Structure formats: C-alpha cells, structure tokens
Amino acid sequence: TVKKLITKEEVRAVSLAKLRLCQDMTLWDIGAGSGSISIEADHLMPNGRVFAVERNPQCLAYLKENLQKFNSRNITLVEEAAPACLDDLPDPDRVFIGGSGGHLWKILEAADGRLPTGGRGVLNAATLDTLTSATEFFENAGYELEVTTVNISRTRPLTDYKMFEAFNPVFVLAAVKV
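So, here's what we can say about the structure. All of these numbers come straight from a predicted model, not from anything done at the bench.

The rules behind each value
- Residues numbered from 1 in each chain as written.
- Predicted model: local features only at pLDDT ≥ 70, side-chain atom pairs only at ≥ 80, totals over all residues.
- Heavy atoms only, no water.
- Phe/Tyr/Trp six-rings, centres within 6.5 Å; stacked < 30°, edge-to-face > 60°.
- Buried < 20%, exposed > 50% of the residue type's maximum accessible area, 1.4 Å probe, protein only.
- 1 Å grid on protein atoms, 1.4 Å probe; cavity = no way out; pocket = protein on both sides within 12 Å on 5 of 7 lines; lining within 4 Å.
- Points joined across faces, edges and corners; volume = space filled by probe spheres on them.
- Helix = DSSP H or I, 4+ residues; strand = E, 2+ residues; numbered from the N terminus.
- Nonpolar A, V, L, I, M, F, W, Y, C, P; charged D, E, K, R; others polar.
- Contact = heavy atoms within 4.5 Å.
- Pairing = 2+ DSSP bridges.
- Arc of directions from axis to C-beta.
- Expected span 1.5 Å × (residues − 1).
- Polar contact = N/O pair within 3.5 Å; in protein donor to acceptor, adjacent residues only side chain to side chain.
- Axes fitted to C-alpha atoms, helices over the stretch in contact; angles between N-to-C directions.
- Parallel < 35°, antiparallel > 145°, perpendicular 65-115°, else oblique.
- Left-handed = near helix turned anticlockwise from the far one by under 90°.

### Topic: the packing of aromatic side chains
Thinking step 1. Throughout the structure, instances matching the rule amount to three aromatic pairs.
Thinking step 2. With centroids separated by 5.8 Å and ring planes inclined at 80°, the aromatic side chains of F137 and F138 adopt a geometry described as edge-to-face. Across the pair, exposure class does not vary: F137 and F138 are buried alike.
Thinking step 3. Here the aromatic cluster, defined as three or more aromatic residues joined through ring pairs, consists of W105, F137, F138 and Y143.

Listed below in structure tokens is the structure:
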C-alpha cells in the first residue's frame, strides 16, 4: 500500500540532517513517494527549489494531495521516470534518492554528472541489495561515504502492556562529492 511508502519520521529526520540543506539550494527528490522529504525540505529552504520526481500513479495522487495540504511553496512536481527526466532539471546542490524503480545505477550516474564538488547525495536503502549497489557506486566514484543504520522501535498503541514493535532497519547513505 501507499501508506508504507511514507518515510518514517525518525528516518526522515536523519535523512534531512544528512542532506545539510541551506536556505537557497536546489534539491532533487528522486522517488519522492508521498512527498514527505520534499515537503520538509521546502520548509527548511525558504529560498530554495525542490524537484519532486515520481512516476508511480498511486504515489502521485497521494503526493499531489500532500503538496496542497502542506502548502508547499517551492516544489516542482516532475511526473516522469528518472533518470530520463533529470536532463531537463537545473543542476542540484543536493540529491535525495528515496526510490529508484530498479534504475539505481543510472540514476546515480546522472546525479554524479550534475552534482558540484562538495555536493551531497543521500539515499535511503531498505534492502542489502540497494545498500551494496549504492556503496559500490559511491566508492568507485570517489565520494566520501558515511552509512548510518536507523533502527526504530515504537510502543504499540492501545495495548495492555507497553511493548515495543520494531521496524525494519533503514540504511541512510550520505555521500559527498570530492
């Protein structure tokens, strides 16, 4: 379901911190899903620009709803598949990859070709496959890479006992172009 595509609040906080956004940057949010990263980045960058790239029709309906609901100001919705649509976007200062639709390597190559020295790419990987592939790309391309594992457990609501429910870990890759 689409609900599962919402980046958990705690993961979002770490991802946004790793992006190190400044007020006037340009951010590509590739695989924008529900738009949670785009929307929060929009609020952190009053003079910035966010390009939310999403191709999944189910996600798009939800994304459009959220953009209205949260009064997004500087978010441009790009309803196309990456990496093909990236050619038409202005160069990014930051790139966030929340989903790649099976085109991870090509998306990373496209982003690498456009990020300036000192630019940052942040990628959330829910699988070891994505983690391995992205790590390999960033290391081969000479980026400074840091991987943070985010393990979240929350109390279950409406139960007699306060027990914790664990979510799957998410690997947050933060790569700086050298």
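### Overview of the layout of surface pockets
Regions of empty space are outlined by a rolling probe, equal in size to a water molecule, passed over the atoms.
Thinking step 1. Here the second largest pocket defines a volume of roughly 150 Å³.
Thinking step 2. Looking at the second largest pocket, the residues that line it are I6, R12, S34, G35, S36, I39, E40, Y62, N66, K69 and F70.
Thinking step 3. Every element with two or more residues in the lining of the second largest pocket is listed here: α2 (36-44) and α3 (57-69).
Thinking step 4. For the lining of the second largest pocket, the per-class residue count stands at four nonpolar, four polar and three charged.

### Re empty space enclosed by the protein
Thinking step 1. Overall, the coordinates contain one cavity of 30 Å³ or more when judged by the stated rule.
Thinking step 2. Considering only enclosed or pocket space, the largest cavity measures out at about 60 Å³ in volume.
Thinking step 3. Lining the largest cavity, in full, are V95, I97, L108, A111, D112, L115, G121, V122, F137, F138 and Y143.
Thinking step 4. Broken down by secondary-structure element, the contributors of at least two residues to the lining of the largest cavity are β4 (94-97), α4 (104-114), β5 (120-125) and α5 (128-140).
Thinking step 5. With three residues, α4 is the largest single contributor of residues to the lining of the largest cavity.
Thinking step 6. Within the lining of the largest cavity, the residues separate by chemical class into nine nonpolar, one polar and one charged.

### So, the side chain of T135
Thinking step 1. Note on placement: T135 falls in helix α5.
Thinking step 2. Here T135 is in contact with L145 and L173, once residues within four sequence places are set aside.

### As for the pairing of strand β9 (residues 170-176)
Thinking step 1. Burial within β9 is extensive, with seven of its seven residues counted as buried.
Thinking step 2. Side chains of β9 alternate between two faces, with V170, V172, A174 and V176 and F171, L173 and A175 buried alike.
Thinking step 3. Of the strand pairs in this sheet, β5 and β9 are connected by six bridges, and their pairing is antiparallel. What sits directly across from G121, in β9, is A175.
Thinking step 4. Relative to β9, strand β6 (residues 144-150) is paired through seven bridges, and the arrangement is antiparallel.

### With respect to helix α1 (residues 9-19)
Thinking step 1. Within α1, burial applies to V11, R12, S15, L16, K18 and L19. Viewed along the axis of α1, the buried residues span an arc of 160°, placing them on a single side of the element.
Thinking step 2. Buried residues in α1 make contact with β1 (26-30), α2, β4, β5, β6 and β9.
Thinking step 3. Looking at the residues trailing α1, positive phi occurs at R20, about 50°.

### Focus: α3
In an α-helix, one full turn covers 3.6 residues, which means residues spaced three or four apart are oriented alike.
Thinking step 1. Taking 1.5 Å per residue as the helical rise, α3 with its 13 residues ought to reach 18 Å, and the 18 Å between its terminal C-alpha atoms agrees with that figure.
Thinking step 2. Within α3, burial applies to C59, L60, Y62, L63, N66 and L67.
Thinking step 3. Against the buried residues of α3 lie α2 and β3 (75-78).
Thinking step 4. With a side-chain oxygen lying 2.8 Å from the backbone nitrogen of Q58, the N-terminal cap of α3 falls on N56.
Thinking step 5. Looking at the residues trailing α3, positive phi occurs at N71, about 45°.

### Quick notes on the packing of α4 against α5
Thinking step 1. Relative orientation of the contacting elements α4 and α5 amounts to 30°, with a least axis distance of 10 Å. Taken together, the axes of α4 and α5 are roughly parallel relative to one another. The way α4 lies across α5 gives a crossing that is right-handed. Together, L104, W105, L108, E109 and D112 of α4 and T130, S133, A134, E136, F137, F138 and N140 of α5 make up the contact between the two elements.
Thinking step 2. Per-class residue counts for the contact of α4 with α5 are six nonpolar, three polar and three charged.

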